Amino acid sequence: MSVNNLYEFWFYNLSGINRSRKWELLKIHSEQELFSLKKEEWQLLLTKKEWNRFCKQSLPNNIEETEKEYEKLKEKQIRFLYWRQEDFPKKLIEIPDPPLGLYIKGSPPKEKKIIAIVGTRTPTAYGREMARVFARELSVAGITIVSGLAAGVDLAAHKGALEAGKKTYGVLGSGVDIVYPKENYMTYHQMLGQGGVLSEYKPNAAPMAYRFPERNRIISGLADGIFIVEAKGRSGSLITADCGLEQGKDIFVLPGRSIDPFSEGCNWLIRQGAKLVTKPSHILEDIYPECEKNLKNTNKKDKLLDNKEKIVYDCLGLEPKYVEDILRETNLTVSEGISILFRLELNGYIEQIVKDYYIIRL
């Protein structure tokens, strides 16, 4: 680690001065020059409000104090990446209000092909499954999934990518050493080996409400497009979509029923011009047509269905269907229907998402 890295780390963690003001200060002084300024010199650079906040902190007397703080990160296996460093995601430098730095556990996202998948924290079974299926299929096609590691759609998207054995990245509204919500513990730790988590906030930073909308610009900033799965009329996902539009990103939306409150935000986005998608290939054909071939090759079935298998398969869709309803619609006996469902699931045509509820597998 160079001495310059320490000055950058010190400057990044300087409190009392917001992010946009720090970018302005860098037009005047380097981080090392700012470190060397006396307090009266700082006063000339800051507004009265900034100065009052600035005075409340105790600045280090020498760079060794900053180095001690930096070394604590290594103990927690946390990396700090400043915007000038090689591993810092270059896409984030290009967005409005770019971050000056990031804390990372796991590996930094270097992939060129990234899709953000976001949505409500309280999805329906259908929404949760669609997030997982889209994430899995896009991952298989060669697209990396980024989301917010929140409950609901975010978690389902990360799980879908992990199921495919691919990397996925979570942008947190807390420190990278904080698992929130606690139910995401297993997925969080699996992601550290298959991707990573990142945040603008210091280790141990609590998941405060105001931090989640702010982190959304990073989720959209890392991605080439944003896919919204089930969003209410007042959803944080709409903030991510707004960030994406400001950044010039493509917005993709899974449509929902007109009376479904969980799809109110999605249907509104479609009316505003977002692209309606019903299968992963719709996203690929729009921004990554070269990856669509990968998806088609992966989904190609090796075995043909017999007549009764086709009847059962055709009565299923993406909405979970109960086994008794399947038997009633297909006029099959219990033993015959269960046997066919088992074969279809075994051969990868359908999935049992919860006990006795089936959907087709894209």
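Everything quoted here is computed from the prediction, not taken from an experiment.

*Asks:* Help me get a handle on the side chain of S199, residues and values and all.
*Replies:* Its place among the elements puts S199 in strand β6 (residues 195–199). Within the structure, the side chain of S199 is placed 2.6 Å from the backbone oxygen of S174, a separation counted as a polar contact. Within the local environment of S199, its side chain forms a polar contact with the backbone nitrogen of Y201, the two atoms lying 2.9 Å apart. Not counting chain neighbours up to four residues away, the residues in contact with S199 comprise L102, Y103, L172, S174, G175 and V176.

*Asks:* Requested: an account of the nonpolar core, with residues and values cited.
*Replies:* I115, I117, L138, F227, V229 and I283 are the most contacted members of the largest nonpolar core, which has 40 residues in total. When residues of this core are traced back to their parent elements, those giving at least two are β3 (114–119), α8 (125–140), α9 (153–163), β7 (225–229), α14 (280–287), α17 (323–330), α18 (334–346) and β12 (357–360). When residues of this core are assigned to their parent elements, the largest contribution, 6 residues, is made by α8. Setting aside residues no more than four positions away along its own chain, I115 makes contact with L138, I143, T144, I145, V146, A223, G225, F227, I283 and I287. Residues F11, L25, F80 and L172 belong to the second largest nonpolar core, which totals 36 residues.

*Asks:* Could you give an account of the packing of aromatic side chains, naming the residues involved and the relevant values?
*Replies:* Any pair of aromatic rings gets described here by the distance separating the centres and the angle formed by the planes. Per the counting criterion, the structure on display carries 18 aromatic pairs. Taken together, the ring pairs connect F9, Y12, W23, Y70, F80, Y82, W83 and Y103 into an aromatic cluster. One residue, K22, lies across the ring of Y12, its end atom 5.9 Å from the ring centre. One residue, R121, lies across the ring of F212, its end atom 5.3 Å from the ring centre.

*Asks:* A description of the pattern of salt bridges should follow, citing residues and the corresponding values.
*Replies:* One pass over the structure, following the stated rule, counts 29 salt bridges. A salt bridge links E214 to R19; the nearest nitrogen and oxygen atoms lie 3.1 Å apart. Residue E214 is located in helix α11 (residues 211–222), and its partner R19 is located in helix α2 (residues 19–25); the two are separated by 195 residues in the primary sequence. Look at E214 and you get partly exposed, because its relative accessible area is 25%. The exposure class assigned to R19 is buried, which follows from its relative accessible area of 17%. Residues E31 and R84 are paired through a salt bridge, measuring 2.8 Å at the closest nitrogen-oxygen approach. Remark: R84 occurs in the loop between β1 (79–82) and α7 (90–93) and E31 occurs in helix α3 (residues 31–36); sequence separation between them is 53 residues. Using a relative accessible area of 42% as the deciding quantity, one classes R84 as partly exposed.

Cut-off values and rules
Residues numbered from 1 in each chain as written. Predicted model: local features only at pLDDT ≥ 70, side-chain atom pairs only at ≥ 80, totals over all residues. Heavy atoms only, no water. Helix = DSSP H or I, 4+ residues; strand = E, 2+ residues; numbered from the N terminus. Polar contact = N/O pair within 3.5 Å; in protein donor to acceptor, adjacent residues only side chain to side chain. Contact = heavy atoms within 4.5 Å. Core = buried A, V, L, I, M, F, W, Y, C linked by side-chain atoms within 4.5 Å. Buried < 20%, exposed > 50% of the residue type's maximum accessible area, 1.4 Å probe, protein only. Phe/Tyr/Trp six-rings, centres within 6.5 Å; stacked < 30°, edge-to-face > 60°. Lys NZ or Arg CZ within 6 Å of the ring centre and 35° of its normal. Salt bridge = Lys/Arg side-chain N within 4 Å of Asp/Glu carboxyl O.

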